Amino acid sequence: MTTLSQVRDRAKQESDNVGQSFVSNAEWLEYINASYQEAYGIYAQAFGDSYFVKSTPQSITTDGTNQQFALASDFWKALLVEVLIGTGANQYVTLKRMASLADKNTISLFNTQIPAAGQTVRVWYIPTVTALVADADVLSTALTATGGEEYVVVDACIKALAK
């Protein structure tokens, strides 16, 4: 588990900024978070289905009057949308990619018709990355398991040295 403090210390060492006040801790935080979000996006695009998927899907029940439904507050990218077709717990069918995101906060599940009330839909997705704030905050294990913290360190160094 790699913490914000460890990333900042490594970035300071690799950019020869240990004991220097040229880059403040607030600036390091800004650089590290920008690099973290960038690395998260790159890795999630490449390995999203394997490492970054939310462990529990969002469940949506249709109401018979709306075509668009609110997405989870941490929603970033849809991986799979399924609809329950039977009474069993695992009788889900994957919807085609026609499900579209009208905006970043809602999902339109059906092309033209308003879906019947009472249908259960599951949305498997990649959540947004949580910004690091405290020194003990930990980078995503999906990112660090694949060596992504090195990208964060090096990119933060580049940002600091470009100051």
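Preceding this paragraph is the structure being described.
Calculation criteria
Residues numbered from 1 in each chain as written. Predicted model: local features only at pLDDT ≥ 70, side-chain atom pairs only at ≥ 80, totals over all residues. Heavy atoms only, no water. Salt bridge = Lys/Arg side-chain N within 4 Å of Asp/Glu carboxyl O. Helix = DSSP H or I, 4+ residues; strand = E, 2+ residues; numbered from the N terminus. Buried < 20%, exposed > 50% of the residue type's maximum accessible area, 1.4 Å probe, protein only. Phe/Tyr/Trp six-rings, centres within 6.5 Å; stacked < 30°, edge-to-face > 60°.

Considerations on the pattern of salt bridges
Right, on to step 1. One pass over the full model with this rule turns up eight salt bridges.
Right, on to step 2. Between K54 and D74 there is a salt bridge whose closest N-O contact spans 2.6 Å. Here D74 lies in the loop between β2 (68-70) and β3 (75-84) and K54 lies in the loop between α2 (25-52) and β1 (58-61), a separation of 20 residues in the sequence.
Right, on to step 3. Overall, the relative accessible area of 28% leaves K54 in the partly exposed class.
Right, on to step 4. Across the pair K159 and D155 runs a salt bridge whose closest N-O atoms are separated by 2.5 Å. Residue K159 and its partner D155 are both found in helix α4 (residues 148-161); the two are separated by four residues, about one turn of the helix.
Right, on to step 5. A residue is classified by how much of its surface remains accessible, and D155, at 12% relative accessible area, is buried.
Right, on to step 6. Within this structure, R10, E14 and E150 form a network of salt bridges that share partners.

Re the packing of aromatic side chains
Right, on to step 1. This structure, assessed with the given rule, holds six aromatic pairs.
Right, on to step 2. When the centroid spacing of 5.5 Å and the interplanar angle of 40° are considered together, the rings of F75 and Y125 count as tilted. Linking F75 in strand β3 with Y125 in strand β7 (residues 120-127), this pair joins segments that are 50 residues apart in sequence.
Right, on to step 3. Every member of this aromatic cluster is reached through a ring pair, and the members are Y40, F52 and W76.

Observations regarding the environment of L161
Right, on to step 1. Tracing the backbone shows L161 in helix α4.
Right, on to step 2. Since its relative accessible area comes to 57%, L161 is described here as exposed.
Right, on to step 3. Taking C-alpha positions, L161 is 9.0 Å from V23, a pair spaced 138 residues apart along the chain.

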